Amino acid sequence: MLQNFKAISLSYKKAPLDIRELIALDEISCRQYLQTLKGFIQASDILVLSTCNRTEVYYNSDTDYSTEIVKLLGITKGIENISKYFDYFTILNEHNDAVQHLFEVSMGLESQVVGDMQITNQVKQAYQWAADNETAGPFLHRLMHTIFFTNKRVVQETAFRDGAASTSYASIELIEELTAEIPDPKILVVGLGEIGADVCRNLKDKGFKNVKITNRTLSKAKILAEECEMEVLPFEEIVQGLKEADVIISSVARETPFFTKEMIKRLNVLTFKFFIDLSVPRSVETEVESIPGVLVYNIDTIQNKASEALQQRIDAVPKVKEIILESIEQFNDWSKEMVVSPTINKLKNALESIRQEEMARYLKKLSPEETKRLDNITKSMMQKIIKLPVLQLKAACKRGEAETLIDVLNDLFDLENKSVNSEL
């Protein structure tokens, strides 16, 4: 009954950025989509995860709803004929595959940057939205809490989350080091290509408040500024922005350096100014560093820092997979036991009914003290009687033989009829 968890995934592995951007869901759209799925497909435990690298739907159902899920996604996003993008999706209809995938996504094994530290919070957020919209049942609650516990083990027992393993993460780590003694550092981001935009998002996530962004295309800057809650500096006012900034992050795409020694010299630098050049070719002239008070860090410095951390994470992958395997085995044991929970409850109710009937025959003749003593004795007897069948049921689950024992107990105690009568 419970072995029907499924997933449908669109990620960077098959879909280019423009397709991922088209299909990605913000919080409002995600909540709306959850309600749509809840109303239109016969499924439980629905989780929707959407980031810049992936949009995924997980659900519990005996039926493959992947086609319907994509069509409903198109309706939510206002995309006509979304079926033309169907080949970009990966379908996971096997229970074990879907569970394994969600674990690996949540740990960061499936991220573009192995061990991505953002993904755990994004998964927690997706789970919160599912809980808020009442699409999370007992199965998903248990699965997500197992995943979060697994993540704690990964952090505590491995080096998988240590260090900044992407260029943008490494840049933020460097900024934190450089500005450790500067209260509320002023940061200017120049150029908003993919890496510049990633840096802005990471600056926001890290809590930097005094950030201005500038780009030759003003409309692009405005869109990103709204997303990251940052101030736009008109490109023609860049000189004033350079004078005010403590850190300048440049990802300007051009063949020759944009920031020259002469330009920076005219700023009359009075305090330390840090340039982080993420461009290839370089956008900050090498000679700029000869100006007193100016320090330049180029892409090689950043990538060396990121590469060391990435290798450390890659070395930790086997241990992470071992931890995931242990967690999945424990979760599967719980899932199997869920199958027998209704039978255990019926058996408990049947025995309790017998106990209450027998108690009722003698209560009138007993004092309150005697009644209490008899109640305790019979409850203790019932718990001891039921203990062995419950243990046998759970053991049968692990052997895959639960159905036979369930049938035997149903016949012995007439549980089906007793259940019907109790409902009536």
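The structure presented is a predicted model; accordingly, all values stated were derived computationally and were not measured. (Residues numbered from 1 in each chain as written. Predicted model: local features only at pLDDT ≥ 70, side-chain atom pairs only at ≥ 80, totals over all residues. Heavy atoms only, no water.)

1. As for the packing of helix α4 (residues 95–107) against helix α6 (residues 138–157)
Thought 1: At their nearest, the axes of α4 and α6 sit 10 Å apart, and the two run at 45° to each other. Taken together, the axis directions place α4 and α6 in an arrangement best described as oblique. Relative to α6, the crossing made by α4 is right-handed. Side by side, α4 and α6 meet where His95, Val99, Leu102, Phe103, Ser106 and Met107 of the first sit next to Phe139, Leu143, Met144, Thr146, Ile147, Thr150, Asn151 and Val154 of the second. (Axes fitted to C-alpha atoms, helices over the stretch in contact; angles between N-to-C directions. Helix = DSSP H or I, 4+ residues; strand = E, 2+ residues; numbered from the N terminus. Parallel < 35°, antiparallel > 145°, perpendicular 65-115°, else oblique. Left-handed = near helix turned anticlockwise from the far one by under 90°. Contact = heavy atoms within 4.5 Å.)

2. Notes on the sheet that holds strand β5 (residues 187–190)
Thought 1: If you walk across this open sheet you meet the six strands as β7-β6-β5-β8-β9-β10, and the pairing is parallel. Only two strands of the sheet have a single neighbouring strand rather than two, namely β7 (231–232) and β10 (294–297).
Thought 2: In this structure, β5 lies alongside strand β6 (residues 211–214), joined through four bridges in parallel fashion. Residue pairing in the sheet places Val190 in a bridge with Thr214 of β6. (Pairing = 2+ DSSP bridges.)

3. Concerning the sheet that holds strand β1 (residues 5–11)
Adjacent strands of a sheet pair through backbone hydrogen bonds, lying either parallel or antiparallel.
Thought 1: Judged by pairing direction, the sheet is antiparallel, and its four strands sit side by side in the order β2-β3-β1-β4 without closing on themselves. Two strands lie at the open edges of the sheet, namely β2 (44–50) and β4 (89–92), each paired on one side alone. Sheet twist, expressed as the average angle between the axes of neighbouring strands with direction ignored, equals 10°.
Thought 2: When β1 meets β4, the two strands line up antiparallel, connected through four bridges. Bridge pairing links Ala7 to Leu92 in β4.
Thought 3: Set on the sheet, helix α2 (residues 27–40) makes contact with β2 and β3 (54–60); between it and β2 the angle comes to about 150°.
Thought 4: Packing against the sheet, α6 makes contact with β1, β2 and β3, and its axis sits at approximately 45° to β2.

Keep in mind that these numbers describe shape and distance, not what the molecule does.
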